[in-house]
Amino acid sequence: MTSRVLNDHKDFHDIPRRLVAMENHWPSHASTGWHSHPRGQLLYAIKGVMLVQSDAGAWVVPPNRALWMVAGLHHNVTMSGDVEMRTAYIEGEVIPDLSEQACVINVSPLLRELLVEAVRIPLDSEPSARDERIIGLLIDELKVSSTVALHLPIPADPRLKKICDALIEQPASQAGAADWAKAAGLGERTLHRLFSRETGMTFSQWREQARLLSALKDIAAGKKGIEVALNCGYSSQSAFSAMFRRHFGTAPSTFYR
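All values derive from a computational prediction rather than experimental measurement. (Residues numbered from 1 in each chain as written. Predicted model: local features only at pLDDT ≥ 70, side-chain atom pairs only at ≥ 80, totals over all residues. Heavy atoms only, no water.)

**Student:** Lay out the pattern of salt bridges in plain terms, naming residues and giving numbers.
**Tutor:** Side-chain pairing between opposite charges can occur once the charged atoms of the two side chains come close. Taken as a whole, this structure holds 11 salt bridges when the rule is applied. Asp-165 is the salt-bridge partner of Lys-161, the closest N and O atoms lying 3.1 Å from each other. Remark: Asp-165 and Lys-161 occur in helix H5 (residues 158–169); sequence separation between them is four residues, near one turn of the helix. Residue Lys-161 is classed as partly exposed on the basis of its relative accessible area of 34%. Arg-246 serves as the salt-bridge partner of Glu-208, at 3.2 Å between the closest nitrogen and oxygen. Within this pair, whereas Glu-208 is found in helix H8 (residues 203–220), its partner Arg-246 is found in helix H10 (residues 237–248), the two being separated by 38 residues in sequence. Salt bridges here are not isolated pairs; linked through shared partners, they connect Glu-117, Arg-120 and Arg-130. (Salt bridge = Lys/Arg side-chain N within 4 Å of Asp/Glu carboxyl O. Helix = DSSP H or I, 4+ residues; strand = E, 2+ residues; numbered from the N terminus. Buried < 20%, exposed > 50% of the residue type's maximum accessible area, 1.4 Å probe, protein only.)

Structure follows, in structure tokens:
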């Protein structure tokens, strides 16, 4: 399904305000298509899960998280479940701490309500004093919001990218670094060196992150715990749950609440 977003967002970028917000409703499996924005974008869904691909990597964004994307970042958003999207376009200098690179942030109950309310601010008239306070408080909340590691960096090296693409498609694969290195025509030491240089992670860390993101997609789709565990390469639900808690501090069953 091609997107209306390519036309919808243009008018919002022409409005001379430090922050403007809009809403969109998307059916499950719909995709925005690849595009970019001249302003920074805070992408949030009050319902549904967004799978975001970009030139800088990939993310899974559940309803208790939002994705900050820097201006000009080429990206595509695919919906897992029906998605009620809320988007804020923000001048990067307004929140300099978030303006350097894309990241996933935790959404507090206050930030959620501010994003919902910001959508209601009229665009065809000057914002009221109340509107300005909402925008100001929303920006303040963004400045103090914590980030969460839901990013999967994609390497530029074509040999490494081929391995990463395969790992994303086959998260349950038990092949080790030596096996993947041999398949790509690399030495194992070269594989480890490239992973560290290109992604900032070890091979094991990157594969675990890829499995986590695969698991989040399955959880969002309503799959059962043991199925999620097996699909991402774990022999038992308890082993998967232990890994999940180590990363997110919560059980898989409660992550999206």
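There is more to say, and it comes next.
**Student:** How would you summarise H5 if you had to cite specific residues and measurements?
**Tutor:** With 12 residues, H5 ought to run about 16 Å at 1.5 Å a step, and its terminal C-alpha atoms sit 16 Å apart, in line with that. Within the span of H5, buried status applies to Leu-160, Ile-163, Cys-164, Ala-166 and Leu-167. In an axial view of H5, the angular spread of the buried residues amounts to 160°, which keeps them on one side of the axis. Opposite the packed face of H5, turned more than 90 degrees from it, sit the exposed residues Pro-158, Lys-162 and Glu-169. Looking at the buried positions of H5, the neighbouring elements they touch are helix H6 (177–183), helix H7 (188–199) and H8. Looking at where H5 begins, the residue whose side-chain oxygen comes 2.9 Å from the main-chain nitrogen of Arg-159 is Asp-157. (Expected span 1.5 Å × (residues − 1). Arc of directions from axis to C-beta. Contact = heavy atoms within 4.5 Å. Polar contact = N/O pair within 3.5 Å; in protein donor to acceptor, adjacent residues only side chain to side chain.)

**Student:** Residues and numbers for the pairing of strand S1 (residues 19–26), please.
**Tutor:** For a regular strand, side chains alternate in direction, first toward one face of the sheet and then toward the other. Counting buried residues in S1 gives six out of eight residues, a clear majority hidden from the surface. Sheet topology note: the S1/strand S5 (residues 75–90) ladder contains eight bridges and is antiparallel. Bridge pairing links Trp-26 to Val-83 in S5. (Pairing = 2+ DSSP bridges.)

**Student:** Any details on unusual backbone geometry? Residues and values, ideally.
**Tutor:** Positive phi, normally seen in glycine, also occurs at His-29, with a value near 75°. Positionally, His-29 belongs in the loop between S1 and strand S2 (40–54). Taking relative accessible area as the criterion, His-29 reaches 66% and is therefore assigned exposed.

**Student:** Could you give an account of the side chain of Arg-211, naming the residues involved and the relevant values?
**Tutor:** Checked against the element boundaries, Arg-211 lands in helix H8. Salt bridges are absent for the buried Arg-211, whose nearest opposite-charge side chain, Glu-208, sits at 6.8 Å. A distance of 3.1 Å separates the side chain of Arg-211 from the backbone oxygen of Cys-232, its partner in a polar contact. The residues contacting Arg-211, other than those within four sequence positions of it, are Pro-171, Ala-172, Ser-173, Gln-174, Cys-232, Gly-233 and Tyr-234. (Lys, Arg positive; Asp, Glu negative; His and termini not counted.)

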